[in-house]
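Close look at the chain arrangement
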Amino acid sequence: MKPGPNGAAERPDLRQLHAKFGDAVRSLEQDAAGEPVVFVAPERNVEILAYLRDSQGYDLLKDVTGLDLGGDRPLQVVYQLWSTRDSNSLRVKAELPPDHLKLGSAFDIWRASNWLEREVYDMFGVVFEGHPDHRRILMPENYEEGYPLRKDFPLRGRFSRAEQTRLAMSQEMEDIYSLDELVVRGRSGAPGEDRGDGIETQNMILNIGPQHPATHGVLRLVCELDGETIVKCTPHIGYLHTGFEKLCEYRTWNQVIPLTDRMDYLAPILYNIGYALGVEELLGIEVTPRCKVIRVICSELNRILSHLIWVGTTAIDIGAFTPFLYTFQERERIYNLHEAYVGARMTTSASRVGGMMADVPPGWLDGVRDFVETFPNTLDETERLLTQNSIWIGRTQGVGTIDGKGAIDVGLCGPNLRASGVAYDVRKDKPYLDYETYDFDVPIGEYGDVYDRYLVRMEEMRQSVRILEQALARVPDGPINVDDPRVILPPKSEVMNSIDGMISHFKLVMEGLKVPAGEVWSSIESSKGELGFYLVADGGPKPVRCRFRGPSFMNISALPYLVEGELIADLIAVNASVDIVLGEIDR
Amino acid sequence: MSKGDRSTVISERRQVETEIPRNWFIAKLDDLVVNWARRNSLWPMPFGTACCAIEMMAAAASKYDQARFGMERMGYTPRQADVLIVAGRVSYKMAPVMRRIWDQMPQPKWCISMGACASTGGVFDTYTLMQGIDTVVPVDVYVPGCPPRPEGLLYGLLMIQEKIKGESVKDRRPREEDPERVGKPHLSPEEIELIAQPFGNSTFQNRVSGLESSSPILRPGDRKE
Ligand code: SF4
């Protein structure tokens with residue numbers, strides 16, 4: 001990280017921050033992408049964050065995460081902020097000594113920080129004072145082995161596999177469940193209350209999941225019901241926690257790519273590309289023009305892929321089966337394109353740092369052209385089935401409503417945020433891959449209900465088709481990978497015939513890609529919202545920290561605010577409408 | 001009732017049951033009819049957790065249409081299902097849930113482990129993932145792949161059908177269940193240790209980087225804090 005006097009210190013907001021808080025602002029640095037990083041005194045962290053939101057317009061909390069550098073070095077808690085007013089980003093860090101891991105909670109400033117802080121507690125053991133629901137989130141509540149993302153925690157856990165299995169299976173499930181439910185029960189408390197009609201009634205607890213077809217994966221929802229009205233809904237996650245972020249620290253930079261597509265398996269290439277863009281930002285390299293266009297084509301195809309499964313499964317949840325068959329037919333066509341390009345249908349691993357795994361095969365672009373021409377017909381047919389359908393309208397309009405300000409506060413992102421009328425799209429607000437040169441619209445909704453979310457996604461698919469048409473018209477010739485022996489393997493002919501080629505091949509294969517020390521928080525617009533990568537390197541062949549800020553995680557954490565007060569039948573519709581993928585939520 | 005009593009009751013019952021098909025011919029006919037019926041009306045219980053579940057959905061959707069093989073009905077309740085298809089990663093947090101679903105399914109039942117993760121933990125040799133679901137439930141067919149293609153899953157289901165062909169009503173051993181084992185891991189701790197050992201690529205990488213020992217650790221205290 002570059003310290004001290006540079007462009008960042010000139011920014012008026014930071015000068016004012018320094019003037020107001022003086023020594024509490026300990027230092028100001030810049031990350032690899034030139035973004036300012038402010039180190040603040042942990043005691044005054046909450047105060048500073050509140051000031052930044054109220055007086056400097058940083059209204060969107062993108063991420064809260066931890067960073068352990070190992071040894072006795074202080075543990076950092078990182079807040080990533082964004083101002084929708086000025087389109088500025090800012091990273092605030094508080095350094096905590098290892099023997100005093102305590103920090104004030106930012107819950108009163110952004111409700112979005114609720115789950116993010118719980119995750120930092122779960123993974124690093126930082127205690128957030130004043131947090132309303134301070135529990136583990138991904139690991140089981142009775143987990144005894146420690147805090148997994150600390151550097152002194154072994155990859156396979158502290159206990160042996162047999163012991164881990166024994167502990168997992170010896171959980172008395174009723175105990176664990178009721179432990180969870182205490183949060184719900186705490187409110188209704190008394191065994192029954194008289195509501196004035198002489199009948200003692202009690203709120204009912206309904207458990208949905210973790211294995212339930214309507215939760216789109218292994219999500220568990222615990223609802224407290226008054227009749228059919230939801231009084232309180234508590235989502236429980238972590239049933240698919242895989243330890244991606246820990247595993248990445250044990251893999252070289254390129255070996256992380258196959259892990260990324262197993263996180264969001266509904267739009268795998270988006271994840272591949274987003275990660276590669278992050279590492280390239282760290283390295284300070286720019287990919288070739290051809291690669292950029294191919295990446296845009298893959299991205300937009302995957303956006304369609306993901307929205308299609310969303311339409312299909314949501315329609316099933318609400319009771320319409322036919323759209324599922326239509327949309328899966330189109331998905332198979334995109335899968336075929338995947339297969340022709342990378343050889344796999346779903347786990348694509350298509351990108352590499354500095355390019356793609358290979359150039360597209362001959363004829364592939366014609367296949368995409370064919371898809372782009374015929375796909376809008378299916379889209380129209382699907383829309384004919386749903387948009388004017390009175391059952392569909394009845395089940396979706398006015399359900400799960402949230403306004404723009406509330407949506408920002410609780411951390412909704414992507415199409416859900418846009419359905420509430422906030423036109424925030426990373427492709428427009430912080431363009432990458434030359435998205436600013438494409439002509440497309442960002443659809444926004446008016447009411448922020450399930451129906452608007454549906455309309456926004458339908459329109460986004462149309463816009464993706466528009467982008468695809470433009471991209472197909474401009475695919476330039478030239479190499480797909482950057483010409484940089486530090487990053488990309490030289491062609492086989494060079495390896496065999498020149499000593500330089502052989503050496504760089506040997507070094508890349510044996511040592512892996514070396515990334516200079518530094519950190520970066522880069523993001524792309526994935527199909528579900530803003531997908532952020534917080535990458536920290538120390539100059540070695542492996543990441544120090546790979547943080548994936550999944551949009552689904554943020555969206556599902558906002559579910560309680562959307563469903564409380566609605567009917568239980570609408571819970572399924574609302575839960576489906578926020579478009580989650582559990583692989584990314586639990587990571 | 002003490003434990004001893006129960007085992008005598010069970011053994012008495014077994015005798016009675018094995019006596020029923022006295023006639024060899026009737027037993028064969030029984031096998032034919034029963035196995036034919038079981039084989040062609042398998043009701044899968046999809047236990048999909050991660051990426052593999054999407055391919056499982058593709059196998060049920062229009063292009064692959066697993067209903068062609070008698071698996072018309074995806075049963076989302078374990079009480080009315082014959083084949084548990086575990087598709088995707090299963091974490092320790094999820095393990096008791098999976099075992100409970102298996103226990104809730106009535107006999108006869110079979111289990112398919114779909115994909116590398118369900119079968120061995122796949123590339124995820126981490127602190128949270130079970131290294132193969134066969135440590136917790138008995139598995140009949142493993143479908144390899146990451147993810148297996150829908151054809152692969154269909155082939156796995158056909159293999160279950162083959163397996164049923166070889167079963168006999170007379171031999172009740174595969175269908176026996178011990179109420180004592182409900183909710184318990186399927187294997188003993190030693191066997192779990194053996195099959196969950198770090199192997200292959202991940203062992204190699206960790207040994208090179210010297211990050212941690214790759215030998216099995218049997219007690220919690222063995223590992224550095
Ligand atoms: S085997 Fe592969 S596709 Fe299946 S769940 Fe595991 S990572 Fe996903």
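Parameters at a glance
- Residues numbered from 1 in each chain as written.
- Chains lettered and ligands numbered in written order.
- Predicted model: local features only at pLDDT ≥ 70, side-chain atom pairs only at ≥ 80, totals over all residues.
- Heavy atoms only, no water.
- Salt bridge = Lys/Arg side-chain N within 4 Å of Asp/Glu carboxyl O.
- Helix = DSSP H or I, 4+ residues; strand = E, 2+ residues; numbered from the N terminus.
- Contact = heavy atoms within 4.5 Å.
- Buried area = accessible area lost by both parts, 1.4 Å probe.
- Polar contact = N/O pair within 3.5 Å; in protein donor to acceptor, adjacent residues only side chain to side chain.
- Nonpolar A, V, L, I, M, F, W, Y, C, P; charged D, E, K, R; others polar.
- Domains from an automatic or database assignment.
- Core = buried A, V, L, I, M, F, W, Y, C linked by side-chain atoms within 4.5 Å.
- Buried < 20%, exposed > 50% of the residue type's maximum accessible area, 1.4 Å probe, protein only.
- Axes fitted to C-alpha atoms, helices over the stretch in contact; angles between N-to-C directions.
- Parallel < 35°, antiparallel > 145°, perpendicular 65-115°, else oblique.
- Left-handed = near helix turned anticlockwise from the far one by under 90°.
- Near = heavy atom within 4 Å.
- pLDDT = per-residue confidence, 0-100.
- Pairing = 2+ DSSP bridges.

All names here are of chain A. The full count for this structure, using the stated rule, is 52 salt bridges over all chains. The shortest N-O distance in the salt bridge between aspartate 86 and arginine 85 comes to 3.1 Å. A salt bridge links aspartate 439 to arginine 466; its shortest N-O distance comes to 3.2 Å. One end of the pair, aspartate 439, is in the loop between helix H16 (426-429) and helix H17 (450-473); the other, arginine 466, is in helix H17, with 27 residues separating them in the sequence.

Now for the environment of glutamate 330 of chain A. All names here are of chain A. By the secondary structure assignment, glutamate 330 is in helix H11 (residues 322-342). Here the alpha-carbon distance between glutamate 330 and glutamate 525, two residues 195 residues apart in the chain, equals 22 Å. The contacts of glutamate 330, once residues within four sequence positions are left out, are Leu308, Phe371, Phe375 and Thr378.

Quick look at the interface of chain A and chain B now. Between chain A and chain B, the contact holds 64 residues from the first and 62 residues from the second. Counting the surface chain A buries against chain B, the share from its top three residues, Arg156, Arg161 and Met169 of chain A, is 15%. Inspection of the region where chain A meets chain B yields 4 salt bridges. Notably, a salt bridge pairs aspartate 125 of chain B with arginine 161 of chain A, separated by 2.9 Å at the nearest N-O pair. In this structure, the connection of chain A to chain B is made through 17 residue pairs in polar contact (both at pLDDT 80 or more). Counting residues per element, the ones that place at least two in the side of chain A that touches chain B are helix H5 (161-169), helix H6 (173-188), helix H7 (244-248), helix H10 (289-318) and H11 of chain A. For the side of chain A that touches chain B, the leading source of residues is H11 of chain A, giving 9 residues. For the side of chain A that touches chain B, the per-class residue count stands at 34 nonpolar, 16 polar and 14 charged.

Interfaces are often sized by the accessible area lost when the parts come together. All names here are of chain A. By domain assignment, chain A separates into domain 1 (8-129) and domain 2 (244-551). Relative to domain 2, the C-alpha centre of domain 1 lies at a distance of 28 Å. Summing both sides of the interface, domain 1 and domain 2 together bury roughly 2,100 Å²; the carbon and sulfur share of this comes to 52%. Of the charged contacts, one joins arginine 91 and glutamate 519 as a salt bridge, the two residues approaching to 2.5 Å between their closest N and O atoms. Counting the contacts that link domain 1 with domain 2 gives 15 residue pairs in polar contact (both at pLDDT 80 or more). Among the elements of the structure, strand E4 (60-67), strand E5 (75-83), strand E6 (88-96) and helix H4 (113-124) are those that each provide at least two residues to the side of domain 1 that touches domain 2. For the side of domain 1 that touches domain 2, the leading source of residues is E4, giving 8 residues. Taken together, the residues that form the side of domain 1 that touches domain 2 break down as 15 nonpolar, 4 polar and 10 charged.

One recurring pattern in soluble globular proteins is that nonpolar side chains are buried together. The biggest cluster of nonpolar side chains holds 205 residues, and the ones touching the most others in it are Tyr79, Tyr275, Ile297 and Trp364 of chain A together with Ile133 of chain B. If you tally residues by element for this core, the top one is H10 of chain A, at 15 residues. Taken domain by domain, the makeup of this core includes at least three residues from each of domain 1 (8-129) and domain 2 (244-551) of chain A. Judged by nonpolar contacts, the second largest core, of 20 residues, contains Cys52, Trp110, Val143 and Leu154 of chain B.

All names here are of chain A. Relative to each other, H10 and helix H12 (residues 364-386) sit at 25°, their axes nearing to 12 Å. Here H10 lies roughly parallel to H12, going by the angle between them. Every pair of crossing elements has a handedness; the one defined by H10 and H12 is left-handed. The residues of H12 that touch H10, namely those facing Ile294, Ile297, Cys298, Leu301, Ile304, Leu308 and Val311, are Trp364, Leu365, Val368, Phe371, Phe375, Thr382 and Leu386. In terms of residue class, the contact of H10 with H12 is built from 13 nonpolar, 1 polar and no charged.

Not every one of the 13 residues close to the ligand is listed here, only the nearest: Cys51, Cys52, Ala116, Cys117 and Cys146 of chain B. Mapping the residues near the ligand onto chains gives chains A and B. The set of elements that each furnish at least two residues to the shell around the ligand consists of helix H3 (51-60) and helix H5 (115-120) of chain B. Looking at which element gives the most residues to the shell around the ligand, the answer is H5 of chain B, with 3 residues. Looking at the shell around the ligand residue by residue, the class counts come to 8 nonpolar, 3 polar and 2 charged.

This part takes up the confidence of the model for chain B. In low-pLDDT regions, the fine details of the predicted coordinates are not to be read closely. Residue and element names in this part refer to chain B. For chain B, mean pLDDT is 74; residues scoring 70 or higher make up 76% of the total. Of the regions scoring below 50 in pLDDT, residues 200-225 engages in 43 contacts with residues more than four places distant in sequence or in other chains. As a predicted assembly, this complex carries a pTM of 0.86 together with an ipTM value of 0.84.

With that settled, consider the confidence of the model for chain A. All names here are of chain A. Averaged over every residue, the pLDDT of chain A is 84; residues scoring 70 or more account for 93%. When pLDDT is averaged over each element of chain A, H17 comes out on top at 91 and strand E1 (residues 2-3) at the bottom at 40. Segment residues 1-6: pLDDT under 50, and 14 contacts once partners within four positions in sequence are set aside and those in other chains are kept. Across residues 182-190, confidence stays below pLDDT 50; counting only partners more than four residues off in sequence or on other chains, it has 14 contacts.

Attention now goes to the sheet that holds strand E16 (residues 518-526) of chain A. Residues and elements named next belong to chain A. Spatially, 3 strands are ordered E16-E17-E18 in an open sheet, and the strand pairing comes out antiparallel. Looking at which strands have only one partner, the edges of the open sheet turn out to be E16 and strand E18 (545-549). Between one strand and the next, the sheet's axes are offset by a mean angle of 15°, whatever the strand orientation. Note: strand E17 (residues 529-537) against E18, 5 bridges, orientation antiparallel. Across the sheet, the residue bridging to phenylalanine 533 is phenylalanine 548, located in E18. Running over the sheet, helix H9 (residues 268-283) touches E16, E17 and E18 and is turned about 150° from E16.

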